[in-house]
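A structural walkthrough
One-letter residues, chain by chain:
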Amino acid sequence: MGDTNFLVIDDDEVFSGILARGLTRRGYTPHQAHDAASALKLANQIKFGQITVDLHLGNDSGLTLVAPLRDLQPDARILVLTGYASIATAVQEEASEQTAEEAIEHPALLSVARLEWEHIQRVLAENGNNISATARALNMHRRTLQRKLAKKPVRQ
């Protein structure tokens, strides 16, 4: 029964409700937590086969939950979700620089176009999503940057 138990950790109650309904239709038994404390409480009480964690839980990072969840649920598959379009913008604070660097450190895994996209997203985030400031920082014409941003991110 533990394999059908699915823990959804997300501070967005509407999104987690929609996700829970979809999981129910697929035969899972979803349990929702909207903060770290309730997530850890559920993880202490129920065996889960799968767990999703939102990267940004309010003002906290969902990444801080991964280690305690792994300790409490060693057999569960844990997936960190984010609404961001790229690795660089998803991973911003705590160990973000290192994590983003590790993600793009292996050029064989990412194409040059994807590396460019990640770099643009990182610089854009550093400039508060200001297109003009980002274009100046990249020494790129603003319209060129807008065209690159209008394209969907390149797959790995």
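Refer to the preceding data block for the structure.
Residues numbered from 1 in each chain as written. Predicted model: local features only at pLDDT ≥ 70, side-chain atom pairs only at ≥ 80, totals over all residues. Heavy atoms only, no water.

**Here we look at the nonpolar core**
Counting residues in each nonpolar core, the largest one holds 13 residues, and the members touching the most others are Leu 7, Ile 9, Ala 33, Ile 51, Val 53, Leu 65 and Leu 69. Going through the elements one at a time, strand S1 (5–9), helix H2 (36–45), strand S3 (50–54) and helix H3 (63–72) are the ones with two or more residues in this core. Tallying contributions element by element places H2 first for this core, with three residues. Among all residues touching Ile 51, those that are not within four sequence positions of it are Phe 6, Leu 7, Ile 9, Leu 69, Gln 73, Ala 76, Arg 77, Ile 78 and Leu 79. Listed in part, the five residues of the second largest apolar core include Ile 120, Val 123, Ala 135 and Leu 138. (Core = buried A, V, L, I, M, F, W, Y, C linked by side-chain atoms within 4.5 Å. Buried < 20%, exposed > 50% of the residue type's maximum accessible area, 1.4 Å probe, protein only. Helix = DSSP H or I, 4+ residues; strand = E, 2+ residues; numbered from the N terminus. Contact = heavy atoms within 4.5 Å.)

**Some points on the packing of aromatic side chains**
Counted by the stated rule, this structure contains one aromatic pair. With a centroid separation of 5.4 Å and 80 degrees between ring planes, the pair formed by Phe 6 and Tyr 28 is classed as edge-to-face. Pair noted here: Phe 6 is in strand S1 and Tyr 28 is in the loop between helix H1 (13–25) and strand S2 (29–33), with a separation of 22 residues, a long-range link. Residue classification places Tyr 28 among the partly exposed positions, given a relative accessible area of 28%. (Phe/Tyr/Trp six-rings, centres within 6.5 Å; stacked < 30°, edge-to-face > 60°.)

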